[in-house]
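Spelled out from the first residue to the last, the chains are:
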Amino acid sequence: MGDKDKLKTGVWPTVKPFINGGASGMLATCVIQPIDMIKVRIQLGQGSAGQVARTMIKEEGFGSLYKGLSAGLLRQATYTTARLGSFRILTNKAIAANDGKPLPLYQKALCGLTAGAIGASVGSPADLALIRMQADATLPLAQRRHYTNAFHALGRIVADEGVLALWKGAGPTVVRAMALNMGMLASYDQSVEFFKDSLGCGEATTILGASTVSGFFAAACSLPFDYVKTQIQKMQPDAEGKYPYTGSFDCAMKTLKAGGPLKFYTGFPVYCVRIAPHVMMTWIFLNQIQKLEAKVGL
């Protein structure tokens with residue numbers, strides 16, 4: 001009992017939300033990675049979901065669906081660890097300041113925005129490595145980077161382009177993460193209160209319902225920013241050394257001019273299928289981890 005009491009009053013309560021968040025995100029990524037891979041290829045203009053999947057398996061093998069998994073796991077170990085951990089710390093502090101009363105939606109949204117910015121800043125290098133590894137096979141042979149894993153990609157980026165290149169596209173990454181986490185985190189906590197208190201649902205129904213609502217709002221809020229982020233991170237210089245976009249705003253304006261507002265929602269069905277289940281499974285895994293910890297007294 002003494003050891004368990006120390007865990008509850010020492011460093012563990014502070015680091016616990018971060019460890020739980022990272023673990024749940026990594027478990028969800030192992031399930032979602034193939035859908036994420038297909039989503040990136042669709043945004044790169046390689047066809048519909050079915051066409052992309054068939055082409056990848058036929059030409060590159062089934063393992064191509066898991067290309068970039070190491071970067072995806074590293075991204076969750078950094079990004080999701082930081083965002084879920086910081087969100088829970090922020091909301092706990094806000095609830096304490098609110099005399100233990102539930103937070104209004106706007107305060108949850110502010111906590112989600114802040115947590116998203118923190119997580120994206122920490123996870124941006126891994127996100128860049130993930131995008132490049134997933135897009136590499138779509139490039140001409142002469143332009144392929146042939147990264148073998150996430151750490152090889154990060155090392156090559158630093159060696160070839162400098163340390164600051166690890167945060168290339170960090171601006172749109174942070175903005176996209178703020179939008180996604182505002183939708184995901186705030187709506188989840190709000191939905192848990194609604195399903196549990198207003199509808200009187202049981203634990204399983206509450207978690208599943210709140211996770212579904214959270215996934216929908218995460219996808220709806222973030223896809224335009226995700227599209228711009230992907231375009232910035234995958235761009236290559238032309239023969240004269242010029243990049244197609246000078247920044248995220250330039251990319252957004254050129255995209256709007258060329259394809260209209262709906263261009264930002266290219267691949268929306270697959271993106272929604274990818275984002276919503278990942279969000280749902282992250283919450284479900286997190287809930288199971290927390291139940292296991294409570295069972296063993298952590």
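Undergrad: So what about the overall build of the protein? Which residues, and what values?
TA: Helix and strand content of the protein: 10 helices and zero strands. In sequence order, the secondary structure elements of the protein are arranged as α-α-α-α-α-α-α-α-α-α. Relative to a compact globule of 298 residues, whose C-alpha radius of gyration would be 19 Å, the protein shows 20 Å and is just as compact. Counting only C-alpha atoms and orienting by the principal axes, one finds that the protein spans roughly 65 × 40 × 35 Å. Relative to its 298 residues, the protein shows a buried fraction of 47%.

Undergrad: So, helix H10 (residues 268–296): which residues are in play, and what are the values?
TA: In this model H10 runs 41 Å from its N-terminal to its C-terminal C-alpha over 29 residues, within 8% of the 42 Å that 1.5 Å per residue would give. After H10 finishes, the residue Gly 297 shows a positive phi value of roughly 85 degrees.

Undergrad: I'd like a rundown of unusual backbone geometry, residues and numbers included.
TA: Most of the time, phi is negative for any residue but glycine, and the peptide bond is trans. One non-glycine residue, Asp 99, lies in positive phi territory at about 60 degrees. Considering the arrangement of structural elements, one finds Asp 99 in the loop between helix H4 (69–97) and helix H5 (105–135).

Undergrad: Can you explain the side chain of Glu 293? Please cite residues and give values.
TA: If you trace the backbone, Glu 293 turns up in helix H10. With sequence-adjacent residues up to four places away left out, Glu 293 is seen in contact with Trp 12, Lys 16, Asn 20 and Leu 298.

Undergrad: How would you sum up the packing of aromatic side chains? Please name residues and give values.
TA: In total, this model carries five aromatic pairs according to the counting rule given. Plain terms: the ring middles of Tyr 188 and Trp 283 are 3.7 Å apart, the flat faces sit at 5 degrees to each other, and that makes the pair stacked. In this pair, Tyr 188 is assigned in helix H7 (residues 170–198) and Trp 283 in helix H10, connecting sequence segments 95 residues apart. One exposure class covers both Tyr 188 and Trp 283, and it is buried. With centroids separated by 6.2 Å and ring planes inclined at 85 degrees, the aromatic side chains of Tyr 227 and Phe 264 adopt a geometry described as edge-to-face.

Undergrad: I'd love a proper account of the nonpolar core, names of residues and values included.
TA: Counting residues in hydrophobic clusters, the biggest one holds 24 residues, and the most contacted among them are Leu 180, Met 184, Leu 185, Ile 275 and Trp 283. Residue assignment for this core shows that the elements contributing at least two residues are H4, H5, H7, helix H8 (203–234) and H10. Among the elements that make up this core, the one with the highest residue count is H7 (eight residues). Discounting chain neighbours no more than four positions away, the residues touching Trp 283 are Leu 84, Met 184, Leu 185, Tyr 188, Ser 211 and Ser 214.

Undergrad: Got a sec to walk through the pattern of salt bridges? Specific residues and values, please.
TA: The full count for this structure, using the stated rule, is 10 salt bridges. A salt bridge links Glu 293 to Lys 16; the nearest nitrogen and oxygen atoms lie 3.7 Å apart. Of this pair, Glu 293 sits in helix H10 while Lys 16 sits in helix H2 (residues 12–43), and the two are 277 residues apart along the sequence. The exposure class assigned to Glu 293 is buried, which follows from its relative accessible area of 7%.

Each value, and the rule that gives it
Residues take numbers from 1 onward in each chain, read along the sequence in its written order. Since the coordinates come from a predicted model, pLDDT governs what is reported: local features require at least 70, and pairs of side-chain atoms require 80 or more to be given and counted, while whole-chain, interface and lining totals use all residues. Excluded from the side-chain calculation are hydrogens and water; included are all heavy atoms of the structure. A run of H or I in DSSP counts as a helix once it spans at least four residues, and a run of E counts as a strand once it spans at least two, with each numbered from the N terminus. Just to be clear, the radius of gyration here is over C-alpha atoms, and the globule rule we use is 2.2 Å times residues to the power 0.38. Per-residue accessibility, obtained with a 1.4 Å probe over protein chains only, is compared with the maximum for each type, and a residue is labelled buried under 20%, exposed over 50%, and partly exposed between these values. Take the number of residues in a helix, subtract one, and multiply by 1.5 Å to get its expected span. Should any heavy atoms of two residues lie within 4.5 Å, those residues are counted as being in contact. Between 30 and 60 degrees the pair is tilted, below 30 it is stacked and above 60 it is edge-to-face, where a pair is any two Phe, Tyr or Trp rings, Trp via its six-membered ring, whose centres lie within 6.5 Å. Residues belong to a common nonpolar core when they are buried Ala, Val, Leu, Ile, Met, Phe, Trp, Tyr or Cys residues joined through side-chain atoms within 4.5 Å. By definition, a salt bridge exists where a carboxyl oxygen of Asp or Glu is found within 4 Å of a side-chain nitrogen of Lys or Arg.

Treat this as a map of the structure, not an account of what it does.
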